[in-house]
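Take a look at the letters that make up each chain.
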Amino acid sequence: YNVEKYLAECVDSVLAQTYTDWEAILVDDGATDSSGRMCDEYAKKDSRIRVIHRENGGLSAARNTGLNAARGEYVYFLDSDDYILPRTLEELQNTARREQADVVFFDGFVFFDECEAEDSVSRYTRQRSYQTETGREILSKLLKNEEYRTADPLMLFRTEYLREKELSFLEGIIHEDELFTFLVFNANGRVAHCHEQLYARRVRPASIMTSSGAM
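Residues numbered from 1 in each chain as written. Predicted model: local features only at pLDDT ≥ 70, side-chain atom pairs only at ≥ 80, totals over all residues. Heavy atoms only, no water.

## Description of the pattern of salt bridges
Turning to step 1, where the next piece is worked out: Per the counting criterion, the structure on display carries 21 salt bridges.
Turning to step 2, where the next piece is worked out: Glu9 is the partner of Arg202 in a salt bridge, and the nearest nitrogen-oxygen pair spans 2.5 Å. Of this pair, Arg202 sits in strand β8 (residues 190-203) while Glu9 sits in helix α1 (residues 7-15), and the two are 193 residues apart along the sequence.
Turning to step 3, where the next piece is worked out: Between Lys141 and Glu133 there is a salt bridge; the shortest N-O distance is 2.6 Å.
Turning to step 4, where the next piece is worked out: Judged by its relative accessible area of 38%, Lys141 is partly exposed. (Salt bridge = Lys/Arg side-chain N within 4 Å of Asp/Glu carboxyl O. Helix = DSSP H or I, 4+ residues; strand = E, 2+ residues; numbered from the N terminus. Buried < 20%, exposed > 50% of the residue type's maximum accessible area, 1.4 Å probe, protein only.)

Below, the structure is given as structure tokens:
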């Protein structure tokens with residue numbers, strides 16, 4: 001929603017992936033800037049990109065729209081003002097298949113855009129590497145080690161797992177990933193850790209992340 005300034009960097013990071021068998025669903029959540037038009041232009045250039053235009057309903061509704069439309073074996077949610085490193089999808093897909101995982105969580109880093117750096121913002125980097133276990137076992141260890149992170153763009157999901165467990169984002173709230181991630185772990189599927197920094201999280205003025213309650 002209204003991310004014309006950042007959208008090209010985000011989508012270009014997907015186009016630059018070393019793993020190429022993907023479909024990108026760009027959800028235009030009723031943007032009033034040029035974001036929707038930019039999405040359509042990308043779809044014209046690459047057949048792997050699909051665009052859904054909808055009335056503004058918030059981030060949860062937009063993610064649910066993408067999830068309902070997803071046709072791939074795995075689904076990944078990328079925030080439109082962030083980006084991923086070129087080998088992200090390859091690393092996550094390889095980990096998911098090797099570990100036969102329903103969920104893969106991984107690490108990232110924060111960069112500050114037009115705002116002062118703050119030490120209090122999580123850097124999304126875990127000091128420990130975690131063996132594949134059930135979601136509740138992993139959650140317990142993450143909490144004990146103070147390495148639990150709720151950001152869902154730091155997770156890859158098996159699409160049918162989310163549908164079988166009826167997991168989706170609660171609409172009408174902010175920081176929806178705090179609830180969603182907790183429910184995902186407690187659904188007790190098979191969870192793997194990819195101990196790589198693959199996600200670039202932008203911190204900018206007036207973003208949802210910088211508002212009260214962000215983790």
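So that's the structure; there's more coming.
## Things to note about α1
Turning to step 1, where the next piece is worked out: Leu7, Cys10, Val11, Ser13 and Val14 are the residues of α1 that are buried. With its buried residues spanning 150 degrees around the axis, α1 presents them on a single face.
Turning to step 2, where the next piece is worked out: Tucked into the core, α1 has its buried residues touching β1 (24-29), α2 (35-45), β2 (49-54) and β4 (83-84). (Arc of directions from axis to C-beta. Contact = heavy atoms within 4.5 Å.)

## Regarding the nonpolar core
Nonpolar side chains in soluble globular proteins generally cluster together in the buried interior.
Turning to step 1, where the next piece is worked out: Judged by nonpolar contacts, the single largest core of 31 residues is most densely connected at Ile49, Leu92, Val104, Phe106 and Leu156.
Turning to step 2, where the next piece is worked out: The set of elements that each furnish at least two residues to this core consists of α1, β1, α2, β3 (74-76), α4 (88-99), β5 (103-112) and β8.
Turning to step 3, where the next piece is worked out: Here this core takes five residues from β8, the largest share from any one element.
Turning to step 4, where the next piece is worked out: Discounting chain neighbours no more than four positions away, the residues touching Leu92 are Val104, Phe106, Leu156, Cys194 and Leu198.
Turning to step 5, where the next piece is worked out: One finds Phe77, Leu142, Phe157 and Phe185 within the second-largest nonpolar core, a separate group that totals 22 residues. (Core = buried A, V, L, I, M, F, W, Y, C linked by side-chain atoms within 4.5 Å.)

## Quick look at the packing of aromatic side chains
Turning to step 1, where the next piece is worked out: Enumeration over the complete set of coordinates arrives at nine aromatic pairs.
Turning to step 2, where the next piece is worked out: Residues Tyr76 and Phe106 carry aromatic rings whose centres are separated by 6.2 Å and whose planes lie at 45 degrees to one another, so their mutual orientation is tilted. Linking Tyr76 in strand β3 with Phe106 in strand β5, this pair joins segments that are 30 residues apart in sequence. When sorted by exposure, Tyr76 lands in the same class as Phe106, which is buried.
Turning to step 3, where the next piece is worked out: An aromatic cluster is defined as three or more aromatic residues linked by ring pairs; in this entry it consists of Phe77, Phe157, Phe169 and Phe180.
Turning to step 4, where the next piece is worked out: Sitting above the plane of the Tyr42 ring, Lys45 keeps its charged end 6.0 Å from the centroid.
Turning to step 5, where the next piece is worked out: When the ring centre of Phe169 is taken as origin, the NZ or CZ atom of Arg63, which lies over that ring, is 5.5 Å away. (Phe/Tyr/Trp six-rings, centres within 6.5 Å; stacked < 30°, edge-to-face > 60°. Lys NZ or Arg CZ within 6 Å of the ring centre and 35° of its normal.)

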